[in-house]
Amino acid sequence: MDERNLAGCRVLVVEDDYSIAAALAEELADQAAIVIGPAPSVERALKLVEEAAQLDLAVLDVNLRGEE
């Protein structure tokens, strides 16, 4: 991962593969990011966006169980 400082950044993770989502969340947390999600679907991701007070970044899977 890049050496940029992610400390305190609120990062939305949207990924339907559990192992990938868990690895991403762990890596982001190790960089002191605040992980929102992971969300396994577009519906859940949109709900998290609505509920979030703020998002700084998002890591998005472009194909969620056939939904783009």
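See the structure shown above.
Draft legend 1. Examining helix H1 (residues 18-30) more closely. Its 13 residues place the ends of H1 18 Å apart at the C-alpha level, agreeing with the 18 Å of an ideal helix rising 1.5 Å per residue. Considered for burial, the residues of H1 that qualify are Ala21, Ala25 and Leu28. Buried residues of H1 fall within an arc of 65° about the axis and therefore sit on the same side. The exposed set on the far side of H1, more than 90 degrees from its buried face, consists of Glu26 and Asp30. Tucked inside the fold, the buried residues of H1 contact strand S1 (10-14), strand S2 (34-39) and strand S3 (57-60).

Draft legend 2. Structural context of the environment of alanine 29. Tracing the backbone through its elements, the reader meets alanine 29 in helix H1. Along the backbone, alanine 29 and valine 49 are 20 residues apart, and their C-alpha atoms lie at a distance of 19 Å.

Definitions and limits used
Residues numbered from 1 in each chain as written. Predicted model: local features only at pLDDT ≥ 70, side-chain atom pairs only at ≥ 80, totals over all residues. Heavy atoms only, no water. Helix = DSSP H or I, 4+ residues; strand = E, 2+ residues; numbered from the N terminus. Expected span 1.5 Å × (residues − 1). Buried < 20%, exposed > 50% of the residue type's maximum accessible area, 1.4 Å probe, protein only. Arc of directions from axis to C-beta. Contact = heavy atoms within 4.5 Å.

Remember, this is a structural readout, not a statement about activity or role.
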